[in-house]
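Structural characterization, general
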Amino acid sequence: MVKIALDPNMYHPELSVADEVRKAADLGYEYLELSPRADFFFWHHYPKADDAAIADVKQAMKETGVQVLTLVPVFNWASPDEQERRAQVRNWKRLLEIANDLECPLVNSELSGDPNRPRESEHAFYRSMEELIPVFERYGIALNLEAHPYDFAERNADALNIIRGLNKSWVNYVYCAPHSFHLSDGAYNVGEMLRQASDKLAHVHIADCYNHRANQGNRYIINPPGADVRIHQHNEIGHGEVPWEDFFSTLRDVQFDGVATVCVFGWEEKADEIHKRMLDRITSELA
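Before going into details, it helps to say that this report is about the structure given with it. Worth saying up front: this structure is predicted, and the values here are computed from it rather than measured.

**Points about the overall build of the chain**
Broken down by element type, the chain carries 10 helices and 8 strands. Computed over C-alpha atoms, the radius of gyration of the chain comes to 18 Å, within 12% of the 19 Å expected from 2.2 N^0.38 for 287 residues, which places it in the range of a compact globule. Judged by the C-alpha coordinates and their principal axes, the chain covers about 50 × 45 × 40 Å. Among the 287 residues that make up the chain, the fraction classed as buried is 55%. Relative to all contacts within the chain whose residues are 6 or more apart in sequence, the contacts with residues 24 or more apart total 80%. For the chain, the exposed area adds up to about 12500 Å²; of that, 45% sits on carbon and sulfur atoms. Averaging the coordinates of the 29 positive side-chain charges in the chain and doing the same for the 46 negative ones gives two points 3 Å apart.

Here it is as C-alpha cells:
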C-alpha cells in the first residue's frame, strides 16, 4: 500500500510541529514528512529539537493517529572540506536520535556536496556513510536519498549508481517529480527514469515544475547569465510540465508501494485547498 504523506512546509511560519501533525489530520492525511525548520532541524545546522518539543509532537501523534513517517534533513555530509564534513556527521547523529525518539522508521535526504568538485564530494559522501551506517543500523532507521539540484550528482542514473554502491537494502531512492528536468537535463523521459530506478524506488515527492531547459532556457531568467545556480519550483499538479499521466501510470506498472509525499511550496495563502486536492489526486491514482 502506498503511504501518502504531507510535507507541511507551507505551515512552518505559523504552526508548531505538533500543530502541523494536527493540521495533517484535519486535511485527511495519515502521515507527515517533516522538512527543515529552525526549531527542529535546519539546513546544515545542528538540530535544535529538545525532549519537550519531541514530547509535544508525540502527544499530537497520539491524539490524532497521524504518524511522523519521515524526517528530511539536509546536512552537507558530502562536503569536500573535512572539518565541515565532520560537523555534518555530528548533525546526522543527533538527527537520528530525534528520529528514534519519534519512533520514525525512515529518513530521507539529499546527496549534497559540490557539483563543481564531484569526485571529492563522492569520496566525502562514502566516508560519511561509513561512519553513519552503524548508527542507522543500531536504530533500525531506513534511508532514502535523492539527487537534488546543485548536489554533487544531479542526474537520475548517477544518483542510482551512488546508492547502489552502498550495497545496503535499507538505503533506497527518492524520485522527486519537481526535479524531473534536472534529473534528465531537460528531457521529458519521466517514465524511463522511474523504470530505471524501480528496483530501488521507495519514495516519490509529488509537485509540479516547468522545464528550465525549454524555450532556449527562458522559462526562468537568471542574471547575470551563466550564474552558477539551479532553479525549479514545487507547484500544485497542473501548474507545470511534468507529464503526470506517464508518471502515475509508470508507478502503477512497476507496482510502486512506497511513500508518496505532497511537497508543494510557496502558495501559503491556498495551502489547505491545495493539499486537499493533491491528496484526492494521488489517492485516485495510487491508493
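That shown, we press on.
**What to know about the sheet that holds strand β2 (residues 31-34)**
Strand order around the closed barrel formed by 8 strands is β1-β2-β3-β4-β5-β6-β7-β8, with parallel pairing between neighbours. With strand direction ignored, the average angle separating the axes of adjacent strands in the sheet is 30°. Relative to strand β6 (residues 171-176), strand β5 (residues 142-146) is paired through 3 bridges, and the arrangement is parallel. Residue Leu145 lies in a different strand from β6, and its bridge partner there is Tyr173. Contacts between helix α5 (residues 156-166) and the sheet are confined to β5 and β6, with β6 contributing the most and set at about 165° to the helix.

**Here's the deal with the pattern of salt bridges**
Counted under the stated rule, the structure contains 22 salt bridges. Measuring nitrogen to oxygen at the nearest pair gives 2.7 Å for the salt bridge that ties Glu236 to Arg277. Residue Glu236 is found in the loop between α8 (214-217) and α9 (244-253), and its partner Arg277 is found in helix α10 (residues 271-286); the two are separated by 41 residues along the sequence. Accessibility expressed as a relative area gives 11% for Glu236, which makes it buried. Arg277 sits in the partly exposed class, given a relative accessible area of 40%. We note a salt bridge from Glu285 to Arg252, for which the minimum N-O separation is 2.7 Å. In this pair, Glu285 sits in helix α10 while Arg252 sits in helix α9, placing the two residues 33 residues apart along the sequence. What you see here is one network of salt bridges that share partners, running through Glu82, Arg85, Arg86, Arg127 and Glu131.

**With respect to unusual backbone geometry**
A cis amide bond links Asn223 to the next residue, Pro224, at an omega of -5°. In this structure, Pro224 sits in the loop between α8 and α9. The phi dihedral of His44 falls on the positive side, at around 70°, and the residue is not glycine. In this fold, His44 is placed in the loop between β2 and α2 (51-64).

**Here we look at the packing of helix α4 (residues 118-139) against α5**
Between α4 and α5, the shortest axis-to-axis distance is 11 Å and the interhelical angle comes to 35°. The two elements α4 and α5 cross, and the hand of that crossing is right-handed. For the pair α4 and α5, contact is made by Glu122, Phe125, Tyr126 and Met129 and by Asn161, Ile162, Gly165 and Leu166, respectively. In terms of residue class, the contact of α4 with α5 is made up of 5 nonpolar, 2 polar and 1 charged.

**Some details on helix α7 (residues 190-197)**
Listed in full, the buried residues belonging to α7 are Val190, Gly191, Met193, Leu194 and Ala197. Projected down its long axis, α7 carries its buried residues within an arc of 165°, all on one side.

**Notes on the packing of aromatic side chains**
Taken as a whole and judged by the stated rule, the model has 12 aromatic pairs. Judged by centre distance (5.7 Å) and plane angle (50°), the rings of Trp92 and Phe136 are tilted. With Trp92 in helix α3 (residues 82-101) and Phe136 in helix α4, this residue pair connects regions lying 44 residues apart in the sequence. Neither residue differs from the other here; Trp92 and Phe136 are each classed as buried. Aromatic rings pair up to connect Phe75, Trp77, Trp92, Phe125, Tyr126, Phe136, Phe152 and Trp170 into one cluster. For Arg138, the ring lying beneath its charged end belongs to Tyr139, and the centroid distance is 5.2 Å.

**Focus: the nonpolar core**
If you look at the biggest cluster of nonpolar residues, it comprises 86 residues, and the most contacted ones within it are Phe40, Leu71, Trp92, Phe125, Tyr175, Ile206 and Phe247. Beyond its immediate stretch of four places on either side in the chain, Tyr175 contacts Asn156, Ser180, Leu183, Val190, Met193, Leu194, Leu201, His203, Val204, His205 and Phe247. In terms of nonpolar packing, the next biggest core, distinct from the first, is built from 5 residues, Tyr31, Leu69, Leu106 and Val259 among them.

**Quick word on the pairing of strand β7 (residues 201-206)**
Here β7 lies mainly inside the structure; 6 of its 6 residues are buried. Pairing of β6 with β7 involves 4 bridges; the strand directions are parallel. Residue Val174 lies in a different strand from β7, and its bridge partner there is His203. Where β7 meets strand β8 (residues 259-262), 4 bridges bridge the pair, whose relative direction is parallel. Paired with Ile206 across the strands is Val262, a residue of β8.

Conventions and cut-offs
Residues numbered from 1 in each chain as written. Predicted model: local features only at pLDDT ≥ 70, side-chain atom pairs only at ≥ 80, totals over all residues. Heavy atoms only, no water. Helix = DSSP H or I, 4+ residues; strand = E, 2+ residues; numbered from the N terminus. Rg over C-alpha atoms; globule rule 2.2 N^0.38 Å. Buried < 20%, exposed > 50% of the residue type's maximum accessible area, 1.4 Å probe, protein only. Contact = heavy atoms within 4.5 Å. Areas by Shrake-Rupley, 256 points an atom, 1.4 Å probe, with all protein chains shown as cover. Lys, Arg positive; Asp, Glu negative; His and termini not counted. Charge placed at Lys NZ, Arg CZ, Asp CG, Glu CD. Pairing = 2+ DSSP bridges. Axes fitted to C-alpha atoms, helices over the stretch in contact; angles between N-to-C directions. Salt bridge = Lys/Arg side-chain N within 4 Å of Asp/Glu carboxyl O. Left-handed = near helix turned anticlockwise from the far one by under 90°. Nonpolar A, V, L, I, M, F, W, Y, C, P; charged D, E, K, R; others polar. Arc of directions from axis to C-beta. Phe/Tyr/Trp six-rings, centres within 6.5 Å; stacked < 30°, edge-to-face > 60°. Lys NZ or Arg CZ within 6 Å of the ring centre and 35° of its normal. Core = buried A, V, L, I, M, F, W, Y, C linked by side-chain atoms within 4.5 Å.

Purely geometric numbers; function is a separate question.
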